[in-house]
Amino acid sequence: SALLPLLLVLCVHGSRAELTTEITQGLDNHTAIAVVPFGWAGPGPAPEDIAWIVDGDLARSGQFAPVNRADMLGRPSTQREIFYRDWRALNTEYILIGRLSASGQDMRAEYELYDVNRQVRVHQGVETAPISEARMLAHHVSDAVYEKLTGIRGAFATRLLYVSVTRVPGGKDYFRLTLSDSDGARPIVLLESREPVMAPGWSPDGSQISYVSFETGRPAIYRQTLATGVREQLTNFKGLNGAPAWSPDGKTMAMVLSKDGSPDIYLMNLDTKKLTRVTRHYAIDTEPTWMPDGKSLLFTSDRGGRPQIYRYDLRTANTERLTFEGVYNARARVAQDGRNVVMVHQVSGDFHIAILDLVTNRMQTLTSTELDESPSIAPNGSMVLYATKHAGRGVLGAVSVDGGVKFRLPSRDGDVREPAWSPYMRR
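Because the structure is predicted, anything quoted here is derived from the model rather than measured. (Residues numbered from 1 in each chain as written. Predicted model: local features only at pLDDT ≥ 70, side-chain atom pairs only at ≥ 80, totals over all residues. Heavy atoms only, no water.)

Colleague: Got a minute to help me understand the environment of E215 in this structure?
Modeller: Relative to the assigned elements, E215 resides in the loop between β13 (208-213) and β14 (220-225). Taking the C-alpha atoms as reference points, E215 and S193, 22 residues apart in sequence, are found 7.1 Å from one another. One polar contact links E215 to S213, side chain to side chain, over a distance of 2.6 Å. Of the polar contacts made by the side chain of E215, one reaches the side chain of R231; its length is 2.9 Å. (Helix = DSSP H or I, 4+ residues; strand = E, 2+ residues; numbered from the N terminus. Polar contact = N/O pair within 3.5 Å; in protein donor to acceptor, adjacent residues only side chain to side chain.)

Written out as structure tokens, the structure is:
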């Protein structure tokens, strides 16, 4: 069989598509923070090094410079154990300490954040989670610290979807739809196929995903429930079935179908499966994405001669062109504020990731690599994930929306492409 569906419980750590992190550009004015190893009161060793995960999250944001553990002059886990002069000697601005405990199958983290120069506690919190979700507990701690020090909600306790491709010389490639933590850890193969898998996307509550699979010999749109692995084929029309995109209320899916001629945008009611045709044009209309208010769609069309981004108003049926700078703009994705739109933007023959401010109409190019595609924006609007090439391989790249922070998430094996950043997940 060309298809090997795998349930969530399988391949958690054995996936060959695990990602690593390579920070390539950060801010000049990093905030120096010491994330001290958390104290542990449970039996045996702690299930995860929570402080190390938090350290990595904050470093990856590009806004923090964590103190190297080897340089730490102490390992405090309570306030009275903090000797501020030691941390000032390391030019540390903040120190995060914590204590871990276990009860049955659950884990508890108590943590405190201190301003070293003012010698005051600025934040404290408690996180609990099953021991099996210790890494996600750490990401929640990272989110709290990040929000306290930046004023922006953290997005470390989110998930990524991506497609990894393992090349088979002289044979068919393996395509794996993979789910991971936001740092690339704990990869889970959701679907493995010898036929292409593409266009993964998330339901608004993060409980389901959608994607296009060629397992039947032609493209078809599927949705899958993460908790059970149950999947449903939504389309099987002749021609193109692609680019599924969930509406903000989760009740409708926009998609591209060519069953009536040229590729056009359609809406499917996910309860009744009734289709409504949105665009009717001889040109190619594709890559729909919803505005956060659910009242309009952005899509790519070459109706003006070259691919550009258009907006379709679902109430008035009016269509307007949004992009005019550059000969090619495609694959739009909208931040939750409804203001910033990221896209693939061609500059001097190269394809980069750019961001368009819908209020000022200012376009800013964020990346400088040559073949960047498939942008996906973090739920807090701070970072953009995308697919690119590095050293001849497909890797995931990330860039902050101001262009100041950049890092790569290459796979340990094979190429990775088509990333999709999850919404905030229900706890």
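So, next bit.
Colleague: Looking at this structure, how should I read the sheet that holds strand β20 (residues 285-290)?
Modeller: What holds strands together in a sheet is hydrogen bonding between their backbones, with the strands either parallel or antiparallel. With antiparallel pairing, 4 strands are arranged side by side in an open sheet as β20-β21-β22-β23. Where the open sheet ends on each side, the last strands, each with one partner, are β20 and β23 (319-321). This sheet shows a mean twist of 30° between the axes of neighbouring strands, independent of strand direction. In the sheet, strand β22 (residues 308-313) pairs with β23 via 3 bridges, with the strands oriented antiparallel. Along β23, the bridge assignment pairs Y312 with T319. (Pairing = 2+ DSSP bridges. Axes fitted to C-alpha atoms, helices over the stretch in contact; angles between N-to-C directions.)

Colleague: Please clarify how the layout of surface pockets should be interpreted in this entry.
Modeller: A water-sized probe, rolled over the atoms, reveals where empty space remains. Reported here for the second largest pocket is a volume of approximately 630 Å³. Together, 24 residues line the second largest pocket, and E133, M136, R159, M425 and R426 are the ones closest to its centre. Elements supplying a minimum of two residues to the lining of the second largest pocket: β8 (120-130) and α3 (134-150). Top element by residues in the lining of the second largest pocket is β8. It accounts for 4 residues. The class makeup of the residues in the lining of the second largest pocket is 13 nonpolar, 4 polar and 7 charged. (1 Å grid on protein atoms, 1.4 Å probe; cavity = no way out; pocket = protein on both sides within 12 Å on 5 of 7 lines; lining within 4 Å. Points joined across faces, edges and corners; volume = space filled by probe spheres on them. Nonpolar A, V, L, I, M, F, W, Y, C, P; charged D, E, K, R; others polar.)

Colleague: Could you clarify how one ought to interpret α3 in this entry?
Modeller: Note on helix geometry: an α-helix contains 3.6 residues per turn, so any two residues three or four positions apart are oriented the same way. Given a rise of 1.5 Å per residue, 17 residues ought to cover 24 Å, and the 24 Å separating the end C-alpha atoms of α3 matches this to within 8%. Within α3, 13 of the 17 residues are buried, which leaves it mostly tucked inside the rest of the structure. G151 sits one or two residues past α3 and shows a positive phi near 80°. (Expected span 1.5 Å × (residues − 1). Buried < 20%, exposed > 50% of the residue type's maximum accessible area, 1.4 Å probe, protein only.)

Colleague: I keep staring at the side chain of R186 and nothing clicks. Help me out?
Modeller: One can find R186 in the loop between β10 (174-181) and β11 (188-193). Within the structure, R186 has its side chain in polar contact with the side chain of D181 (distance 3.0 Å).

Colleague: What is the right way to read the confidence of the model for the protein from this model?
Modeller: Should the pLDDT be low somewhere, the predicted coordinates at that spot are not to be read in detail. Here the protein shows a mean pLDDT of 90. Residues at 70 or above account for 93%. This model gives residues 1-16 a pLDDT under 50, and the stretch forms 41 contacts once residues within four places in sequence are excluded. (pLDDT = per-residue confidence, 0-100. Contact = heavy atoms within 4.5 Å.)

Colleague: Which parts of the structure should I look at to understand the pattern of salt bridges?
Modeller: Pairing is possible between side chains of opposite charge, provided their charged atoms come close. Per the counting criterion, the structure on display carries 25 salt bridges. The partner of R231 in a salt bridge is E215, with the nearest N and O atoms 2.9 Å apart. Taken together, the residues R231 in strand β15 (residues 231-233) and E215 in the loop between β13 and β14 connect sequence positions 16 residues apart. Among the residues examined, R231 registers a relative accessible area of 24% and is labelled partly exposed. Measuring nitrogen to oxygen at the nearest pair gives 3.1 Å for the salt bridge that ties E320 to R311. Of the residues examined, E320 reaches a relative accessible area of 39% and is grouped as partly exposed. According to the relative accessible area criterion, R311 is partly exposed, its value standing at 22%. The structure contains a network of salt bridges with shared partners spanning E133, R135, R159, D181, D183 and R186. (Salt bridge = Lys/Arg side-chain N within 4 Å of Asp/Glu carboxyl O.)

Colleague: Sorry if this is basic, but what is going on with the nonpolar core here?
Modeller: Within soluble globular proteins, side chains that are nonpolar generally end up buried alongside one another. Counting 25 residues, the largest nonpolar core has I33, I50, V54, L58 and L96 as the members making the most contacts within it. When contributions to this core are tallied by element, the ones reaching two or more residues are β3 (31-35), α1 (50-60), β6 (94-103), β7 (106-115) and α3. The element that contributes the greatest number of residues to this core is α3, accounting for 7 residues. Once residues lying within four places of it in the same chain are set aside, the contact partners of L58 are I33, V35, Q63, F64, S142, V145, Y146 and F156. With 17 residues, the next largest nonpolar core counts L177, L179, L191 and A420 among its residues. (Core = buried A, V, L, I, M, F, W, Y, C linked by side-chain atoms within 4.5 Å.)

Colleague: Would you mind going over the pairing of strand β21 (residues 296-301) with me for this structure?
Modeller: Side-chain positions along a regular strand alternate between the two faces of the sheet. A large share of β21 lies buried, amounting to 6 of its 6 residues. Side chains S296, L298 and T300 of β21 all project onto a buried face; the interleaved residues L297, F299 and S301 project onto the opposite face, where all are buried too. The sheet contact formed by β20 and β21 spans 4 bridges and is antiparallel. Bridging across to β21, T286 finds its partner in T300. Connecting β20 to the next strand, β21, in antiparallel fashion are 5 residues, including G294 with a positive phi near 75°. Taking the residues between adjacent antiparallel strands as the criterion, β21 and β22 are bridged by 6 residues, where G305 takes a positive phi near 110°.

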